[in-house]
Amino acid sequence: KQYMQALEEGLPFSEREELTEKECYHDYIITSLRTSAGADPAVILKRFGEEIQKIFLSRCRSFIKSGRKTERDSRVSIEPDSWLLADPIMRELFLE
């Protein structure tokens, strides 16, 4: 409603969304694992803390062992032949 009213009046309109730490972590997982650089455990430690980093690393181990993810330069990424499974893989890394 506010958006339509602003358009009708020729005014700019924007909204700001405040994300929780959990939502920020999920966004990081989604965006980083969709890149060739992958997710960096050091970034997770710095931005989200040791507990979340431990969760991330423990959940990654089974995917790395199965070959669906690789670890290069301490970063974790999804293997190209597993990209069709990216969404379920990322959901496994999400916090509950």
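Residues numbered from 1 in each chain as written. Predicted model: local features only at pLDDT ≥ 70, side-chain atom pairs only at ≥ 80, totals over all residues. Heavy atoms only, no water.

**Description of the layout of surface pockets**
This is how it is decided: A 1.4 Å probe that fits into a set of points on a 1 Å grid over the protein atoms alone but cannot get out defines a cavity; an open set with protein on both sides within 12 Å along at least five of seven lines defines a pocket, and lining residues are those with an atom within 4 Å of a point. Grid points are joined across faces, edges and corners, and a volume is the space filled by probe spheres set on the points. For this scheme, ten residues count as nonpolar: Ala, Val, Leu, Ile, Met, Phe, Trp, Tyr, Cys and Pro. Four count as charged, namely Asp, Glu, Lys and Arg, and the remainder, Gly too, count as polar.
For the largest pocket, the calculated volume is near 160 Å³. Considering the residues around the largest pocket, the lining is formed by ten residues, among which L33, T35, S36, I78 and W83 are closest to the centre. Among the residues making up the lining of the largest pocket, the classes are represented as five nonpolar, three polar and two charged.

**A look at the packing of aromatic side chains**
In plain terms, the rule: Centre distance within 6.5 Å is the pairing criterion for rings of Phe, Tyr and Trp, where only the six-membered ring of Trp is used; planes under 30 degrees apart are then read as stacked, over 60 as edge-to-face, and the remainder as tilted.
The final tally for this structure, using the stated rule, is two aromatic pairs. Of the aromatic side chains, those joined through ring pairs into one cluster are Y25, Y28 and F48.

**Quick notes on helix 3 (residues 41-48)**
Here is the rule: Three labels apply to residues, based on accessible area from a 1.4 Å probe with only protein chains included: buried if under 20% of the type maximum, exposed if over 50%, partly exposed otherwise in between. By the criteria applied, helices consist of DSSP H or I runs no shorter than four residues and strands consist of E runs no shorter than two, each listed in order from the N terminus. When we speak of the arc, we mean the arc of directions from the helix axis to the C-beta atoms. In protein, a polar contact requires one atom able to donate a hydrogen and another able to accept it; more generally it is a pair of N or O atoms within 3.5 Å, and residues adjacent in sequence count only if both atoms are side-chain atoms.
Those residues of helix 3 not exposed but buried are P41, I44 and F48. The buried residues of helix 3 occupy an angular sector of 60 degrees when projected down its axis, which confines them to one face. The opening residue of helix 3 is D40, an N-cap whose side-chain oxygen sits 2.9 Å from the backbone nitrogen of A42. Looking one or two residues beyond helix 3, the residue adopting positive phi is G49, at roughly 100 degrees.

**Quick word on the environment of F13**
The criterion, for reference: We call two residues in contact when some of their heavy atoms are within 4.5 Å.
Structurally, F13 is set in the loop between helix 1 (2-8) and helix 2 (21-33). With relative accessibility at 32%, the residue F13 sits in the partly exposed group. Distance from F13 to Y3, taken between C-alpha atoms, is 6.1 Å for residues ten residues apart in sequence. Not counting chain neighbours up to four residues away, the residues in contact with F13 comprise Q2, Y3 and A6.

**Some details on the side chain of D40**
Turning to its location among the elements, D40 is positioned in the loop between helix 2 and helix 3. Residue D40 is classed as buried on the basis of its relative accessible area of 12%. Not counting chain neighbours up to four residues away, the residues in contact with D40 comprise Y28, S74 and R75.

**Description of the packing of helix 2 against helix 3**
Put simply, the test is: Between the N-to-C directions of two axes lies an angle of 0 to 180 degrees, each axis being a line fitted to C-alpha atoms and, for a helix, fitted only over the stretch in contact. Here is the rule for angles: anything less than 35 degrees is roughly parallel, anything more than 145 is roughly antiparallel, 65 through 115 is roughly perpendicular, and the remaining ranges are oblique. Throughout, a crossing is termed right-handed when the near helix is turned clockwise from the far one, and left-handed when it is turned anticlockwise from it by less than a right angle.
Put simply, helix 2 and helix 3 touch, their axes get as near as 11 Å, and they point 165 degrees apart. Relative to helix 3, helix 2 is oriented roughly antiparallel. The crossing of helix 2 and helix 3 is right-handed. Residue-level inspection shows E21, C24, Y25, Y28 and I29 of helix 2 in contact with helix 3, the latter providing V43, I44, R47 and F48. The class makeup of the residues in the contact of helix 2 with helix 3 is seven nonpolar, no polar and two charged.

**Quick look at the confidence of the model for the protein**
For clarity, the threshold we go by: Known as pLDDT, the predictor's confidence for each residue is given on a scale from 0 to 100.
Summarising the model, the protein shows a mean pLDDT of 85, and 89% of its residues fall at 70 or more. Confidence, read as mean pLDDT per element, is least for strand 1 (residues 69-72) in the protein (61) and greatest for helix 3 (96).

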